[in-house]
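What follows is each chain in one-letter form.
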Amino acid sequence: MDETDTVLAFEHTRPSYPVHIVVVPKRHIPSLVDLGDGTEEVLADVLRVVRKVAAKVREEYGAACVVTNEGAYQESKHMHWHVLFRGGLPEGLA
């Protein structure tokens with residue numbers, strides 16, 4: 001999907017939605033709240049890719065949802081963002 005020196009975006013291996021892309025930093029960062037040894041610059045790199053992927057999904061499908069999880073909601077303890085198209089836009093909003 002997209003890749004930089006510090007970030008990888010790929011299609012989810014078990015998608016929950018018609019379009020389900022995951023964006024991760026290449027170096028380990030525990031979460032959005034706990035950057036561990038990471039820096040806010042790496043977080044900014046991740047968000048640049050999230051924005052790019054979300055813009056592409058929105059352009060192609062008419063909408064995009066961006067989600068990250070924290071605490072018990074975060075199954076994988078490596079910061080990651082989901083960029084989704086959930087499908088089924090209300091009539092007139094596409």
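Residues numbered from 1 in each chain as written. Predicted model: local features only at pLDDT ≥ 70, side-chain atom pairs only at ≥ 80, totals over all residues. Heavy atoms only, no water.

So, the packing of aromatic side chains
Any pair of aromatic rings gets described here by the distance separating the centres and the angle formed by the planes. Worth spelling out the cut-off: Centre distance within 6.5 Å is the pairing criterion for rings of Phe, Tyr and Trp, where only the six-membered ring of Trp is used; planes under 30 degrees apart are then read as stacked, over 60 as edge-to-face, and the remainder as tilted. Numbering goes from the N terminus for both helices and strands, where a helix is a DSSP run of H or I of at least four residues and a strand is a run of E of at least two. Burial classes: relative accessible area under 20% of the type maximum marks a residue as buried, over 50% as exposed, and values in between as partly exposed (1.4 Å probe, protein chains only).
Taken as a whole and judged by the stated rule, the model has one aromatic pair. Ring geometry for Tyr-61 and Phe-85: centres 5.0 Å apart, planes at 20°, overall stacked. Of this pair, Tyr-61 sits in helix α1 (residues 40-61) while Phe-85 is found in strand β5 (residues 81-85), placing the two residues 24 residues apart along the sequence. In this structure Tyr-61 comes out as partly exposed when scored by relative accessible area, which is 33%. Judged by its relative accessible area of 11%, Phe-85 falls in the buried class.

Considering the sheet that holds strand β4 (residues 65-67)
In a beta sheet, neighbouring strands pair by backbone hydrogen bonds and run either parallel or antiparallel. Heads up, the rule is: Should DSSP find at least two bridges between two strands, the strands are taken to pair. By the convention used here, residues are in contact when the closest approach between their heavy atoms is within 4.5 Å. Working convention: axes come from line fits to C-alpha atoms, limited for helices to the stretch in contact. Angles between N-to-C directions cover 0 to 180 degrees.
Pairing in this open sheet of five strands is antiparallel, and the strands run β1-β2-β3-β5-β4 from one edge to the other. Two strands lie at the open edges of the sheet, namely β1 (2-3) and β4, each paired on one side alone. One ladder, built from five bridges, connects strand β2 (residues 7-11) with strand β3 (residues 19-25); its direction is antiparallel. Among the inter-strand pairings, Val-7 is bridged to a residue of β3, identified as Pro-25. Taken strand by strand, α1 contacts β1, β2, β3, β4 and β5, and its axis lies near 5° from that of β5.

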